[in-house]
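# Coordinates in review
Now for the letters of each chain:
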Amino acid sequence: MMTRSEELFERARKCIPGGVNSPVRAFGSVGETPRFITKADGAWMFDEDGNEYLDFVGSWGPMILGHNQPDVRKAVEEAVKEGLSFGAATRREVEMAELICRMVPSIEMVRMVNSGTEAVMSAVRTARGYTGRNKIVKFTGCYHGHSDAMLVKAGSGVMTQGIPDSAGVPAGCTEDTLSAVYNDLGSVEALFDANRDQIAAVIVEPVGANMGVVPPEKGFLEGLRSLCTKNGALLIFDEVITGFRLGPDGAQGYFGVTPDLTTFGKIIGGGMPVGAYGGSRQIMSMVAPAGPVYQAGTLSGNPVAMAAGMAQLTILKEHPDIYKKLNETGDWFFAEVKTILREAGLPWQVNHVGSLGSIFFTPEPVKDYASAKTSDVMKYGEYFRYMLSHGIYLAPAQFEAMFLSAAHTREDLENTLDVLRAFARQKKKL
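Keep in mind it's a predicted model, so treat the numbers as computed, not measured.

Next up on the list: the overall build of the chain. Scanning the chain from terminus to terminus reveals 15 helices and 14 strands. On C-alpha atoms alone, the chain measures out to a radius of gyration of 21 Å, which is about the 22 Å that the 2.2 N^0.38 rule sets for 430 residues. On the principal axes, the C-alpha backbone points of the chain span a range of 60 × 55 × 45 Å. The long-range fraction of contacts in the chain, counting pairs at least 24 apart against all pairs at least 6 apart in sequence, stands at 70%.

This is the structure we're talking about:
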């Protein structure tokens, strides 16, 4: 007999491409049928068949306080009473912009958009308009959304599907996108040397989180800052994953490196569809209607999303101890994961920064795209299926992050480690 999730997937495949509205949800790379979720609360999600899962995806990061957080939910409920969308200016979007500017020192002005993809696309356009240059440097394996210019040697679901770029993207859209090697400053310097006075910006995930979690090596981000300053290019931090997760001022505060532009995603909407990009007043004054760089959106600054985001960011701003506890918990948890694998004699790699982490099924240290690709995705699929069968919901793809939240209890994490320990013992016997 088919489960309800299987039945829904069959129905979905008849009317939705691949049966899902975002590729990684299809569970294709882990040999499973996607679970159709009905609700979530705290650290837990529940599917159509009544199964409950301890969730380590957290809607791909924004649920840093856990699902259905009471203050965030209340803010949404109150906002909905006043209407869903106006297509006009509101008080909430002003308050949200002010809050972000207070929390992130590098940002003096910020523009709300509807997704991380839109934020990156707009930040890149702003960098080009500000510098008068066309070329952009990105890093192989870093994912910056699905806009045409960024689908060059991208990470995230593109890696697990074996699609190096994408059909439907004309060559002309990517001819000004240059690819460098993550954690390799020499590759960036070589691009600057070969394209003198042509590079508008370098865009980077300050912590690689779409080829699995790949931390920046010591001096890497500082070196990018220096190279951009030296060559008159802007440094863009894509903080769609790390923004307001590693600390109240994101990865830039965590690592002490200041970008020129920053992009944010759904974490600033408490999980609702939202994004933003911001930087200095001088740069952001290029954006219409203040300047000549056009960007617009009917739903930008949506009042319900702003209410959710304001509630979440206010909690994080007023309770910085959340970050201290969460990062310490991440350090402890991923250290325990390493210990379990080491004691089982399994040569797999564990990377993490704060509450973000990944297991790579390779004996080779993972520091960039090439080393991440040595991971055995079939072994990841075995690991995923085992954990899922024991009520642990992980990213259904090797090259995604594992997210801890403030809602995960010590008991939750101890139980997760027990399941991993059993899996490791099983693999040791084979």
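Structure shown, so let's carry the discussion forward.
Attention now moves to the pattern of salt bridges. Scanning all chains against the criterion turns up 15 salt bridges. With its nearest N and O atoms 2.9 Å apart, the salt bridge here joins arginine 225 to aspartate 260. Within this pair, whereas arginine 225 is found in helix α8 (residues 220-231), its partner aspartate 260 is found in the loop between α9 (250-255) and β9 (261-264), the two being separated by 35 residues in sequence.

Moving on, we come to the packing of aromatic side chains. Across all of its chains, the model carries 18 aromatic pairs by this definition. Centroid distance phenylalanine 333 to phenylalanine 334: 5.2 Å. Interplanar angle 80°. Geometry classified as edge-to-face. When its relative accessible area of 2% is taken as the criterion, phenylalanine 334 is described as buried. An aromatic cluster of at least three residues, connected via ring pairs, comprises Trp348, Phe361, Tyr380, Tyr383, Tyr386 and Phe423. Positioned over the ring face of phenylalanine 46 is lysine 39, at 5.3 Å from the centre of the ring.

This next bit is on the sheet that holds strand β13 (residues 392-393). Strand order in this open sheet of four strands is β1-β2-β3-β13, and the pairing throughout is mixed. If you trace the sheet from one side to the other, it starts and ends with β1 (37-41) and β13, each paired once. Bridge count between β1 and strand β2 (residues 44-47): four bridges; the pairing is antiparallel. Following the sheet pairing, alanine 40 is matched in β2 by methionine 45.

The subject of this paragraph is the sheet that holds strand β8 (residues 234-238). In spatial order, the strands read β4-β10-β9-β8-β7-β5-β6; together these seven strands make up an open sheet with mixed pairing. Either end of the sheet is taken by a strand with one partner, and the two such strands are β4 (109-113) and β6 (177-180). On average, each strand axis in the sheet is tilted by 20° relative to the strand beside it, whichever way the strands run. For β9 and strand β10 (residues 275-279), the ladder comprises four bridges, and the chain directions are antiparallel. If you follow threonine 262 over to β10, its bridge partner there is glycine 278. Its contacts with the sheet place helix α7 (residues 185-194) against β5 (135-139), β6 and β7 (199-204), and it is angled at close to 150° to β6. Packing against the sheet, α8 makes contact with β5, β7 and β8, and its axis sits at approximately 145° to β8.

Examined against the element boundaries, leucine 346 turns out to sit in the loop between α12 (321-343) and β11 (349-353). Residue leucine 346 is classed as buried on the basis of its relative accessible area, which comes to 12%. The spatial distance from the C-alpha of leucine 346 to the C-alpha of lysine 427 is 8.1 Å, given a sequence separation of 81 residues. Not counting residues within four places of it along the chain, the set of residues in contact with leucine 346 comprises Leu341, Ala424, Lys427 and Lys428.

This next bit is on the environment of proline 363. If you trace the backbone, proline 363 turns up in the loop between β12 (356-360) and α13 (369-372). You can call proline 363 exposed: its relative accessible area is 60%. Taking the C-alpha atoms as reference points, proline 363 and serine 375, 12 residues apart in sequence, are found 8.3 Å from one another. Here proline 363 is in contact with Pro347 and Gln349, once residues within four sequence places are set aside.

A few words now on the packing of helix α3 (residues 91-103) against helix α11 (residues 303-318). Interaxial distance between α3 and α11 falls to 9 Å at its minimum, and their mutual angle equals 30°. Taken together, the axes of α3 and α11 are roughly parallel relative to one another. The two elements α3 and α11 cross, and the hand of that crossing is left-handed. Touching Arg92, Glu93, Glu95, Met96, Leu99, Ile100, Arg102 and Met103 of α3 are Pro303, Met306, Ala307, Gly309, Met310, Leu313, Thr314 and Lys317, all from α11. Across the contact of α3 with α11, the residue classes tally to nine nonpolar, two polar and five charged.

Of all hydrophobic cores here, the largest spans 64 residues; its most connected members are Ile100, Phe244 and Ile268. Broken down by secondary-structure element, the contributors of at least two residues to this core are β3 (52-55), α3, β4, α11, α12, α14 (377-389), β13 and α15 (410-429). Top element by residues in this core is α12. It accounts for nine residues. Apart from the residues within four sequence positions on either side, isoleucine 100 is in contact with Ile107, Val110, Met112, Phe244, Phe264, Ile268 and Leu313. Counting 27 residues, the second-largest nonpolar core is a separate cluster that includes Val202, Met211, Val214 and Ala233.

Look at helix α4 (residues 116-131): 22 Å from first C-alpha to last across 16 residues, which is about the 22 Å you get at 1.5 Å a residue. Residues of α4 that are buried include every one of Gly116, Thr117, Glu118, Ala119, Val120, Ser122, Ala123, Val124, Thr126 and Ala127, and no others. Two residues or fewer past α4, glycine 132 is found with a positive phi of approximately 75°.

This part is about the confidence of the model for the chain. For the chain, the mean per-residue pLDDT works out to 94, and 96% of the residues sit at or above 70. Here residues 155-164 is a poorly scored stretch, pLDDT under 50, and it has 27 contacts once near neighbours within four places are set aside; other chains count.

It is worth spelling out the side chain of glutamine 69 at this point. Note on placement: glutamine 69 falls in the loop between β3 and α2 (70-80). Note on glutamine 69: relative accessible area 18%, which makes it buried. Of the polar contacts made by the side chain of glutamine 69, one reaches the backbone nitrogen of valine 72; its length is 3.0 Å.

Thresholds, definitions, all that
- Residues numbered from 1 in each chain as written.
- Predicted model: local features only at pLDDT ≥ 70, side-chain atom pairs only at ≥ 80, totals over all residues.
- Heavy atoms only, no water.
- Helix = DSSP H or I, 4+ residues; strand = E, 2+ residues; numbered from the N terminus.
- Rg over C-alpha atoms; globule rule 2.2 N^0.38 Å.
- Contact = heavy atoms within 4.5 Å.
- Salt bridge = Lys/Arg side-chain N within 4 Å of Asp/Glu carboxyl O.
- Phe/Tyr/Trp six-rings, centres within 6.5 Å; stacked < 30°, edge-to-face > 60°.
- Buried < 20%, exposed > 50% of the residue type's maximum accessible area, 1.4 Å probe, protein only.
- Lys NZ or Arg CZ within 6 Å of the ring centre and 35° of its normal.
- Pairing = 2+ DSSP bridges.
- Axes fitted to C-alpha atoms, helices over the stretch in contact; angles between N-to-C directions.
- Parallel < 35°, antiparallel > 145°, perpendicular 65-115°, else oblique.
- Left-handed = near helix turned anticlockwise from the far one by under 90°.
- Nonpolar A, V, L, I, M, F, W, Y, C, P; charged D, E, K, R; others polar.
- Core = buried A, V, L, I, M, F, W, Y, C linked by side-chain atoms within 4.5 Å.
- Expected span 1.5 Å × (residues − 1).
- pLDDT = per-residue confidence, 0-100.
- Polar contact = N/O pair within 3.5 Å; in protein donor to acceptor, adjacent residues only side chain to side chain.

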